[in-house]
Amino acid sequence: MYQELVDQKARLAVIGLGYVGLPIALEFARKISVIGFDINAKRVELMQQGIDPSKEVTAEEFKGTNIVFTDSLEALKQANFFIVAVPTPVDKYNVPDLKPLLSASETVGKVLKKGDYVVYESTTYPGCTEEDCLPVLEKVSGLKMGVDFKLGYSPERINPGDKKHTLRTVVKVVSGSDQEALDEIARTYELVVDAGVHRASTIKVAEASKIVENTQRDLNIALMNELSLIFDRMGVNTYEVIEAAGSKWNFLRFQPGLVGGHCIGVDPYYLTYKAASLGYESKVITASRYINDDMAKYVARKIITHVLRNSNDPKVLVKGVTFKENVSDIRNSKIVDTVKELLAFNIQVDVEDPYAENEEVYEEYGLHLVKTPARDYDAVIVTVPHKPYTTLSDADFAAMTREHALIADLKGIYKHTITSRKYWSL
């Protein structure tokens, strides 16, 4: 398969062209022939014009690539090596939602041929590829894995907004249904990953490795959030504590904050769900999820207490609705939970963000972004260190607020800057 791809006798297809899929597709398209497939026709049309709807990839990166963007199954039939990179969210009860993954498996099953390869990149629990996705592939295609086609798993490690740790510079974990599959999949990814690949012994090991990456971060952030709750009661600034503790060589510099997005705030639920299905109730992981999910309401309580004491007509500005800095991704943005709490107390809330799209925010959360914030807020919540926010001064905050206002700096950006207003951070 590797040699056929290199010789242009076979084509690679990426199913799902979001934050993960599009960068992968474009990297491969510099080396081999690629089909980029997405069910969203509007997104496909934009990519055909060299525009990334997610704003992660520049127009320049589309140039010099051998790729066809499509939403057509007929076009997808021309591929022989399929990479599935669709979202794996949770529902409102934090139960894994496999519908996008199973739907993508059905799509691939409809075009799967003898000799083809299917590799999943979507983050999920150990066993999902072989126990949930494979049966769909086999049923729809009428083919049998190991006899007619090969299966693999290679967890994505794309970090939105990060131009340093990219597909090329981060070691890629790969796995296959047998030794031949592992070798061919590894060689194929080595085409685009300069850092090399790590060959996992089984598909389940590769799946587990990705879940552990994000669960570990979630646990560490939960610890810092709990410390922040404790230090707040002591009147101690958590970020100053981190600076002091960080002077030791082996201290891990995790920080408190709202844990949203499509990875860290979601993936641990996949692991606890699978554990529960096997009769084990996770304690530590579940506790960390509870702490991190509750932080948005904790922030809201701090704001509510302050503004209701100081104003009869409270007004709050939220600066930043994306889940992290310098990206447009609003999925699972936890500050929205804070906004909902404030609105429940009849507090007027304005939300602004230089990176988010107003239409997307309204469609996802029912909130409108303001283009020009007012100048009479009782509190300002700065959620993420967007580049335009990092240069704001004490005078800037004074100009947009009343004298009694509280500046809630969730990421500790202004801890030595704000003097004319009351300051609080996690």
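First, a word on scope: everything that follows refers to the structure included in this document. Note that the structure is predicted; figures quoted are calculated from it, not measured.

## So, the overall build of the protein chain
Counting its regular elements, the protein chain contains 14 helices and 13 strands. At 23 Å, the protein chain has a C-alpha radius of gyration in line with the 22 Å of a compact globule built from 426 residues. Dimensions of the protein chain along its principal axes, counting C-alpha atoms only, are 70 × 50 × 40 Å. When contacts within the protein chain are restricted to residue pairs at least 6 apart in sequence, long-range pairs at least 24 apart make up 73% of them. Just so you have it, the protein chain exposes about 19300 Å², and 51% of that area is on carbon and sulfur atoms. Side chains of the protein chain carry 51 positive and 59 negative charges; the gap between the two charge centres is 2 Å.

## Quick look at the packing of helix H11 (residues 284-310) against helix H12 (residues 335-344)
At a minimum axis separation of 8 Å, H11 and H12 run at an interaxial angle of 40°. Relative to H12, H11 is oriented oblique. Once H11 is placed against H12, the crossing between them reads as right-handed. From H11, Ala-296, Lys-297, Val-299, Ala-300, Ile-303 and Ile-304 reach across to H12, where they touch Asp-337, Thr-338, Glu-341 and Leu-342. Taken together, the residues of the contact of H11 with H12 sort by class into 6 nonpolar, 1 polar and 3 charged.

## Concerning the sheet that holds strand S1 (residues 12-15)
The sheet built from 8 strands is open, its strands ordered S3-S2-S1-S4-S5-S6-S7-S8 with mixed pairing. The sheet terminates laterally at strand S3 (67-70) and strand S8 (197-199), the two strands that pair on one side only. Averaged over all adjacent pairs, the angle separating strand axes in this sheet is 20°, with direction ignored. Pairing of strand S7 (residues 172-176) with S8 involves 3 bridges; the strand directions are parallel. Directly across from Val-173, in S8, lies its bridge partner His-198. Set on the sheet, helix H5 (residues 99-111) makes contact with S1, strand S2 (34-37), strand S4 (81-84) and strand S5 (117-120); between it and S4 the angle comes to about 170°. Sitting on the sheet, helix H6 (residues 128-141) touches S5 and strand S6 (150-153), and the angle it makes with S6 is about 140°.

## Examining the side chain of Asp-378
Note on placement: Asp-378 falls in strand S11 (residues 377-382). A polar side-chain atom of Asp-378 sits 2.6 Å from a polar atom in the side chain of His-404. Those residues in contact with Asp-378, other than ones at most four positions away along the chain, are His-306, Val-307, Ser-311, Asp-313, Pro-314, Lys-315, Arg-402, His-404, Ala-405 and Leu-406.

## Some words on the packing of aromatic side chains
Following the criterion strictly, the structure yields 7 aromatic pairs and no others. Ring geometry for Phe-81 against Tyr-117: centres 5.8 Å apart, planes inclined by 5°, an arrangement best described as stacked. Of the two residues, Phe-81 sits in strand S4 while Tyr-117 sits in strand S5, which places them 36 residues apart along the sequence. Each of the two residues, Phe-81 as well as Tyr-117, counts as buried. Cluster of aromatic residues (ring-pair linked, three or more members): Tyr-125, Tyr-270 and Tyr-273. Directly above the aromatic system of Tyr-189 lies the positively charged group of Lys-172, at a separation of 4.7 Å from the ring centroid. Residue placement shows Lys-315 over the ring face of Tyr-377; its charged tip is 5.4 Å from the ring centre.

## Observations concerning the nonpolar core
Leu-12, Phe-28, Phe-69 and Phe-81 are the most contacted members of the largest nonpolar core, which has 39 residues in total. Listed by contribution, the elements that provide at least two residues to this core are helix H1 (2-6), S1, helix H2 (21-28), helix H3 (41-48), S3, S4, S5 and helix H7 (179-190). Once residues lying within four places of it in the same chain are set aside, the contact partners of Phe-28 are Leu-12, Val-34, Ile-83, Thr-188, Tyr-189 and Val-192.

## Some remarks on the sheet that holds strand S13 (residues 422-425)
Pairing within the open sheet is parallel, and its 5 strands lie in the order S10-S9-S11-S12-S13. The sheet terminates laterally at strand S10 (348-352) and S13, the two strands that pair on one side only. Looking at each pair of strands side by side, their axes are set apart by 20° on average, direction ignored. Note that strand S12 (residues 401-409) and S13 share 4 bridges and pair parallel. Following the sheet pairing, Ala-408 is matched in S13 by Trp-424.

Rules and cut-offs
Residues numbered from 1 in each chain as written. Predicted model: local features only at pLDDT ≥ 70, side-chain atom pairs only at ≥ 80, totals over all residues. Heavy atoms only, no water. Helix = DSSP H or I, 4+ residues; strand = E, 2+ residues; numbered from the N terminus. Rg over C-alpha atoms; globule rule 2.2 N^0.38 Å. Contact = heavy atoms within 4.5 Å. Areas by Shrake-Rupley, 256 points an atom, 1.4 Å probe, with all protein chains shown as cover. Lys, Arg positive; Asp, Glu negative; His and termini not counted. Charge placed at Lys NZ, Arg CZ, Asp CG, Glu CD. Axes fitted to C-alpha atoms, helices over the stretch in contact; angles between N-to-C directions. Parallel < 35°, antiparallel > 145°, perpendicular 65-115°, else oblique. Left-handed = near helix turned anticlockwise from the far one by under 90°. Nonpolar A, V, L, I, M, F, W, Y, C, P; charged D, E, K, R; others polar. Pairing = 2+ DSSP bridges. Polar contact = N/O pair within 3.5 Å; in protein donor to acceptor, adjacent residues only side chain to side chain. Phe/Tyr/Trp six-rings, centres within 6.5 Å; stacked < 30°, edge-to-face > 60°. Buried < 20%, exposed > 50% of the residue type's maximum accessible area, 1.4 Å probe, protein only. Lys NZ or Arg CZ within 6 Å of the ring centre and 35° of its normal. Core = buried A, V, L, I, M, F, W, Y, C linked by side-chain atoms within 4.5 Å.

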